[in-house]
Amino acid sequence: EGLEAFYGGAVGGGKSDSMLMDGLQFADVPGFAALLLRRTYKELTLPGGLIPRSQAWLAGKGVKWDGDLFKWTFPSGAVLQFGYLDSQFDHLRYQSSAFQQIGFEELPQWKDDVQYRYMFSRLRRLVGSTVPIKMRANGNPDGPGLEWVKDRFVTQEYIDADDDTRFSNYWEKDGRIFFPARLRDNPHIDSDEYELALAELDLVTRARLESGDWTASPFGKYVRKEWFKYIHEAPPLTRWVRGW
């Protein structure tokens with residue numbers, strides 16, 4: 001299965017469901033622990049968020065919910081934990097914790113990779129365990145961390161491929177697996193109506209969210225905004241033109 005994988009692209013492809021299902025894969029294994037993260041607590045609890053979604057799936061199924069600790073405990077003793085990494089040092093709250101699986105929901109919402117990379121140190125298992133340790137993430141090509149996520153997972157071959165090839169398989173970059181997502185992968189969403197709503201977005205945001213386009217930019221396909229960060233600091237032209 002691989003240590004690290006990312007499922008991302010267009011909205012509506014079922015990314016949250018797949019994240020939750022993956023976290024439940026080994027719920028019958030004693031001692032198993034999974035942690036699912038969002039950037040803020042509020043995002044965890046919004047309608048359709050991971051916590052309400054888990055409650056719809058698990059309530060009344062013999063699984064114990066702890067609302068203070070944001071976790072489910074299964075009859076096997078396995079744990080599904082929810083958490084958030086909002087402030088600069090939130091990742092240090094997990095310094096003494098151990099998980100066999102960690103999932104980041106909407107990874108591009110983290111502006112850099114510091115907390116994401118730190119959480120690899122929380123992945124471990126006991127000797128003799130057959131449960132794989134896994135880092136999983138999902139997200140759309142939108143948010144303050146778009147560029148680092150794209151650089152970590154998205155291959156140039158994927159970007160250059162035609163649609164039939166781009167969505168027919170997974171892609172690998174430096175041992176990291178990338179599964180592209182598109183709206184019509186999810187048969188439970190009315191794609192036609194959703195696309196009408198997405199048509200109200202600006203062209204760049206629509207390309208990112210509807211098509212899963214990792215290169216869509218108001219500056220063009222191969223230009224990054226940060227390359228021009230000093231332009232606005234140049235002195236006014238009138239200071240340099242004699243007689244103005």
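Above this text you will find the structure in question.
These numbers come from a predicted model, not from an experiment. (Residues numbered from 1 in each chain as written. Predicted model: local features only at pLDDT ≥ 70, side-chain atom pairs only at ≥ 80, totals over all residues. Heavy atoms only, no water.)

**Q** Even after reading the chapter, I still don't get the packing of aromatic side chains, so can you show me in this structure?
**A** Any pair of aromatic rings gets described here by the distance separating the centres and the angle formed by the planes. Here the structure, examined in full by the defined rule, presents 17 aromatic pairs. Residues Tyr 116 and Trp 148 carry aromatic rings whose centres are separated by 5.7 Å and whose planes lie at 45° to one another, so their mutual orientation is tilted. In this pair, Tyr 116 sits in helix α4 (residues 114-118) while Trp 148 sits in helix α5 (residues 146-153), placing the two residues 32 residues apart along the sequence. The same class applies to Tyr 116 and to Trp 148, which are both buried. Centroid distance Tyr 158 to Trp 171: 5.7 Å. Interplanar angle 75°. Geometry classified as edge-to-face. Of the two residues, Tyr 158 sits in helix α6 (residues 156-160) while Trp 171 sits in strand β8 (residues 171-173), which places them 13 residues apart along the sequence. Of the residues examined, Trp 171 reaches a relative accessible area of 15% and is grouped as buried. (Phe/Tyr/Trp six-rings, centres within 6.5 Å; stacked < 30°, edge-to-face > 60°. Helix = DSSP H or I, 4+ residues; strand = E, 2+ residues; numbered from the N terminus. Buried < 20%, exposed > 50% of the residue type's maximum accessible area, 1.4 Å probe, protein only.)

**Q** Quick question: what am I supposed to make of the pairing of strand β5 (residues 79-84) here?
**A** Here is the key point about a regular strand: its side chains alternate between the two faces of the sheet. A large share of β5 lies buried, amounting to five of its six residues. As judged from the three bridges shared by strand β4 (residues 71-73) and β5, these two strands associate in the antiparallel manner. The residue bridging Trp 72 from the neighbouring strand is Leu 80, located in β5. Between the antiparallel neighbours β4 and β5 lie five residues, among them Gly 77 with a positive phi of about 100°. (Pairing = 2+ DSSP bridges.)

**Q** Got a minute to help me understand the sheet that holds β8 in this structure?
**A** As a general point, the strands of a sheet are linked pairwise by backbone hydrogen bonds and lie either parallel or antiparallel. Read across the sheet, nine strands follow the order β3-β4-β5-β2-β6-β7-β1-β9-β8 without closing on themselves; strand pairing throughout is mixed. One side of each edge strand has no neighbouring strand; the edge strands of this open sheet are β3 (64-66) and β8. Averaged over neighbouring strand pairs, the angle between their axes works out to 20° when direction is ignored. In the sheet, strand β2 (residues 33-38) pairs with β5 via six bridges, with the strands oriented parallel. Paired with Ala 33 across the bridge in β5 is Val 79. (Axes fitted to C-alpha atoms, helices over the stretch in contact; angles between N-to-C directions.)

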